[in-house]
Amino acid sequence: MSKSLKLFAAIGLILASTSLAQAQDADAGAKVFKKCKACHAVGDGARNRVGPHLNSVFGRKAASIEGFKYSKAMSVAGSGGLVWNDETLAAFLTKPRKMMKGTKMAFSGLKKEKDRANLLAFLKSFSPDAASAAAPETPKKQEIAAAPAPTEPKAKPVAAKDAPIPEHGVFHLGRAALVEEVKAWDIDIRPDGQGLPTGRGTVAQGEPIYTENCAVCHGDFGEGTGRWPILAGGQNTLTDERPEKTIGSYWPYLSTVYDYIRRAMPFGDARSLSDDDVYAVTAYLLFLNDIVTDEEFELSNENFNNTRLPNEANFFADNRKEEPQNTARSEPCMTDCKPGKAEVTMRARVLDVTPDSKEGEGAGAIE
Amino acid sequence: MPEKQIDRPGTDKGLSRRKLLTAGVAAGGALATGAVSAKAASTPDPLITEIQDWNRYLGDGVDANPYGMPSEFEKNVVRRDVAWLTADSKSSINFTPLHELDGIITPNGLCFERHHGGVAEINPVDHRLMINGLVDKPLVFTMEDLKRFPRENRVYFLECAANSGMEWRGAQLNGCQFTHGMVHNVMYTGIPLKHILNEAGVKASAKWLLPEGADASAMTRSLPIEKAMDDCLVAFKMNGEALRPEQGYPVRLVVPGWEGNMWIKWLRRIELGDAPWHQREETSKYTDLMANGKARRFTWEMDVKSVITNPSPQAPITHGKGQTVVTGVAWSGAGKIKRVDVSIDGGRNWKTARIDGPSLSKSIHRFYYDFEWDGSELFLQSRAIDEVGNVQPTKNELRAARGVNSIYHNNGIQTWHVKADGSAENVEIS
């Protein structure tokens with residue numbers, strides 16, 4: 001059995017369990033698409049980003065956009081005849097890596113059938129040739145940034161004089177926050193461990209979670225792909241011409257790693273990892289930085305404060321006021337301040353900075 | 001043809017490095033096509049002697065644009081990005097076109113953008129602001145609640161700590177939009193933060209705040225309580241209208257004079273605590289690496305700074321010698337700008353420029369230096385001095401103190417080399 005035949009057999013299995021009976025809603029699909037937006041663009045002027053653009057994806061042969069660097073697996077599938085339609089897209093989106101081992105798409109999948117159907121309806125509105133695969137009700141093209149409909153005031157009008165006034169504060173505005181509400185939003189963690197949730201995870205458990213969710217941008221070993229942040233390595237580079245500021249080489253506190261992963265990662269799918277998952281990924285990042293070496297090392301709320309990052313001591317408070325140029329408060333010179341005529345020592349046009357060359361990038365990398 | 005637009009470089013969005021590099025070249029040719037003002041007329045100007053379409057036919061009626069837009073001849077006046085700076089547009093930056101603006105206020109649609117997880121789209125009726133932590137009573141406010149507090153109107157600059165960060169190793173980007181465009185100046189309408197905190201009752205042990213955004217990066221920064229109780233605002237209007245989505249609609253924090261990253265957009269929560277949180281954006285980022293490998297943290301205040309916006313690489317002199325306006329902007333996180341000096345010979349001699357327009361604390365100031373250009377090359381510099389007495393340093397003074405790896409807080413004096421043809425270039429000089 002050839003590789004592509006095996007792949008089609010796998011798709012067939014998934015197709016059997018995929019039903020498109022549910023009504024599709026392109027508006028709801030636009031919402032689902034927010035999960036995809038970090039990597040894919042669709043609509044007028046959409047260009048390839050981390051993933052290929054999705055205009056006219058219906059009826060398109062897999063791996064057929066020129067100039068986009070597909071995974072080997074996707075290219076093989078494309079040349080084997082895989083064409084995107086309702087069935088194949090639904091199968092792929094259910095669990096991309098299950099249908100296509102080796103795909104670059106890091107997204108773990110849309111578990112809900114309804115989400116998939118809605119997303120496909122949304123994408124279809126950007127595929128003018130999708131008539132053959134049209135759903136019973138062809139959705140109209142949607143404006144992604146459609147203005148929200150004016151919202152009616154929710155509360156029933158109460159006579160102003162009958163409305164109760166809270167007793168707190170000076171202006172008596174706002175209402176008490178409920179314990180559950182504070183718990184839902186208060187997820188920050190401090191270096192002393194305040195805020196850590198109960199939980200645990202090992203290096204070994206973290207590896208597959210990292211590979212599935214993080215490696216697409218940060219690299220298999222935290223080395224970073226493209227201009228995405230480098231997470232590991234870089235020890236003893238802080239005085240180099242090109243310092244590498246990683247968790248192991250630069251970050252002062254481990255709490256920041258846990259806090260940031262939990263609040264903002266994976267990029268484009270924040271808050272999708274469980275607390276235990278975040279412990280496991282954090283443990284794995286310690287391993288990638290050689291701060292722990294045992295794959296069975298388990299990080300938990302109980303032992304979290306035992307691990308310190310190597311660069312903690314190398315931060316100091318703002319002392320710009322003490323710099324020479326700030327302590328000399330003399331009246332600045334107005335005439336004959338420098339000898340001789342000004343000569344150009346460096347020009348912007350001569351200092352060539354090539355967009356694609358890492359060596360040539362400016363000092364001000366922004367992430 | 002006076003109506004013809006000067007061919008400005010890079011009118012497409014997302015200026016590539018290649019275009020940046022050729023920008024100076026295109027601008028250099030501008031003198032030939034744009035120099036019309038000083039010529040004596042030998043034949044009558046048909047724009048005067050012939051009746052023009054706009055003088056004969058009716059134009060659009062009211063409501064042709066329910067929300068008014070700039071003239072079609074201004075379509076090149078836009079924010080631009082430098083694609084190679086960042087990995088992805090969702091966590092990226094673009095730049096205010098300073099060379100196209102005048103006065104002190106930045107129009108809302110031209111205020112530079114900086115996002116860490118894209119623009120959050122929030123219906124204001126779905127937005128909540130929570131105050132929790134070391135307070136007597138944790139509270140939740142709706143936007144309607146917030147608009148019942150007493151309001152204030154204040155004009156403040158917002159500068160990204162990384163503004164001019166690409167110039168630490170030397171002259172790099174050819175245009176003040178790119179070297180200095182991570183700044184804007186806006187009049188905010190908002191509520192003094194202290195009113196909102198007092199409503200919840202701040203405990204004596206509370207020394208720090210953690211404002212948090214509702215966006216996909218849930219942006220957070222630690223803020224000392226003295227600043228919060230001093231001049232911070234919780235703002236919902238900019239320049240009279242609702243905040244733009246990319247500036248934090250429906251509500252953002254205003255932290256006057258301090259680095260832009262702390263001005264949390266889409267503000268949804270403020271926690272009070274007794275110690276700083278050391279979040280990602282105040283440890284791995286927005287800390288200033290020194291030459292010795294140690295790093296400064298909590299470098300909040302933005303230093304005194306200025307830049308000449310015209311002429312500059314994207315805005316060459318097109319009119320030949322004679323009466324010439326040099327203009328630019330100056331600001332300081334420490335207060336008002338007291339004085340701006342301009343040099344046309346690379347810092348050998350300085351003349352004090354004229355500040356015009358409102359002079360407000362922690363706001364951009366507009367300065368002008370009107371002079372007669374003799375047509376010879378210029379090395380233009382500006383040097384700002386604030387009311388506290390801080391003097392804008394040279395780039396070499398900063399490098400001597402910090403090395404070249406600190407990325408942030410580069411307030412060094414900028415040099416533009418204006419050549420005999422009127423084109424201008426970003427240079428460093430002896």
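Residues numbered from 1 in each chain as written. Chains lettered and ligands numbered in written order. Predicted model: local features only at pLDDT ≥ 70, side-chain atom pairs only at ≥ 80, totals over all residues. Heavy atoms only, no water.

Undergrad: Describe the interface of chain A and chain B, listing the residues and the values that go with them.
TA: Tallying the contact residues gives 90 residues for chain A and 118 residues for chain B. Regarding the contact of chain A and chain B, the summed buried area is about 9100 Å², with carbon and sulfur atoms giving 52% of it. Our count for the chain A to chain B interface comes out at 11 salt bridges. Between Lys321 of chain A and Glu301 of chain B there is a salt bridge, and its shortest N-O distance comes to 3.7 Å. At the surface where chain A touches chain B, the tally comes to 43 residue pairs in polar contact (both at pLDDT 80 or more). Mapped by element, the contributors of at least two residues to the side of chain A that touches chain B are strand S1 (175-176), helix H7 (179-185), helix H10 (254-264), strand S4 (315-317), helix H12 (324-327) and strand S5 (344-347) of chain A. The element best represented in the side of chain A that touches chain B is H10 of chain A, accounting for 5 residues. Among the residues making up the side of chain A that touches chain B, the classes are represented as 43 nonpolar, 16 polar and 31 charged. In terms of strand pairing, S4 of chain A meets strand S14 (residues 295-297) of chain B through 3 bridges, oriented parallel. Opposite Phe315 of chain A, over in S14 of chain B, you have Ala295 of chain B as the bridge partner. (Contact = heavy atoms within 4.5 Å. Buried area = accessible area lost by both parts, 1.4 Å probe. Salt bridge = Lys/Arg side-chain N within 4 Å of Asp/Glu carboxyl O. Polar contact = N/O pair within 3.5 Å; in protein donor to acceptor, adjacent residues only side chain to side chain. Helix = DSSP H or I, 4+ residues; strand = E, 2+ residues; numbered from the N terminus. Nonpolar A, V, L, I, M, F, W, Y, C, P; charged D, E, K, R; others polar. Pairing = 2+ DSSP bridges.)

Undergrad: I'd like to hear about the confidence of the model for chain B, residue by residue, with values.
TA: Here chain B averages 92 in pLDDT, and 91% of its residues register 70 or above. Scored below 50 in pLDDT, residues 1-35 of chain B shows 60 contacts in the model against residues more than four places distant or in partner chains. (pLDDT = per-residue confidence, 0-100.)

Undergrad: Tell me about the sheet that holds S4 of chain A, and name the residues and values.
TA: Within the open sheet, the 3 strands sit side by side as S4(A)-S14(B)-S13(B). Their pairing is mixed. The sheet terminates laterally at S4 of chain A together with strand S13 (288-289) of chain B, the two strands that pair on one side only.

Undergrad: Describe the packing of aromatic side chains, naming the residues involved and giving the relevant values.
TA: The way to describe two aromatic rings as a pair is by their centre distance and the angle between their planes. Counted according to the given criterion, the structure contains 22 aromatic pairs over all chains. On the numbers, 5.3 Å between centres and 55° between planes, the contact of Tyr210 of chain A with Tyr284 of chain A is tilted. Separated by 74 residues along the polypeptide, Tyr210 of chain A in helix H8 (residues 203-213) and Tyr284 of chain A in helix H11 (residues 275-288) bring together distant segments of the chain. Take Tyr284 of chain A: its relative accessible area is 5%, and that puts it in the buried class. For the ring pair Tyr279 of chain A and Phe304 of chain A, a centre distance of 6.3 Å and an interplane angle of 80° mean the geometry is edge-to-face. Here Phe304 of chain A lies in the loop between strand S3 (298-300) and S4 and Tyr279 of chain A lies in helix H11, a separation of 25 residues in the sequence. In this pair, the class of Tyr279 of chain A matches that of Phe304 of chain A, namely buried. Put simply, the rings of Trp208, Trp258, Phe298 and Trp300 of chain B touch in pairs and so form one group of aromatic residues. Just above the ring of Tyr250 of chain A sits the side chain of Lys245 of chain A; from NZ or CZ to the centre is 5.0 Å. (Phe/Tyr/Trp six-rings, centres within 6.5 Å; stacked < 30°, edge-to-face > 60°. Buried < 20%, exposed > 50% of the residue type's maximum accessible area, 1.4 Å probe, protein only. Lys NZ or Arg CZ within 6 Å of the ring centre and 35° of its normal.)

Undergrad: Which residues make up empty space enclosed by the protein, and what values do they have?
TA: Residue and element names in this part refer to chain B. One pass over the full model with this rule turns up 6 cavities of 30 Å³ or more. Approximately 230 Å³ is the volume found for the largest cavity. As for the largest cavity, its lining consists of 20 residues, and the residues nearest its centre are Arg114, Arg252, Gly260, Asn261 and Lys265. (1 Å grid on protein atoms, 1.4 Å probe; cavity = no way out; pocket = protein on both sides within 12 Å on 5 of 7 lines; lining within 4 Å. Points joined across faces, edges and corners; volume = space filled by probe spheres on them.)

Undergrad: Provide a residue-level description of the side chain of His127 of chain B, including the pertinent values.
TA: For His127 of chain B, the position within the fold is in the loop between strand S2 (114-115) and strand S3 (128-133). Contacts of His127 of chain B, omitting those with residues within four sequence positions, involve Ile122, Phe141, Thr142, Met143, Ala214, Pro250, Val251, Trp266, Leu267 and Arg268 of chain B.

Undergrad: Residues and numbers for the packing of helix H4 (residues 86-94) of chain A against helix H6 (residues 113-124) of chain A, please.
TA: All names here are of chain A. Close contact between H4 and H6 brings their axes to 10 Å; oriented N to C, the two are set at 130°. Here H6 runs oblique to H4, going by the angle between their axes. Of the two possible hands of crossing, H4 and H6 adopt the one that is right-handed. Mapping the contact onto sequence places Asp86, Leu89, Ala90, Leu93 and Thr94 in H4 and Arg116, Leu119, Leu120 and Lys124 in H6. Considering only residue class, the contact of H4 with H6 consists of 5 nonpolar, 1 polar and 3 charged. (Axes fitted to C-alpha atoms, helices over the stretch in contact; angles between N-to-C directions. Parallel < 35°, antiparallel > 145°, perpendicular 65-115°, else oblique. Left-handed = near helix turned anticlockwise from the far one by under 90°.)

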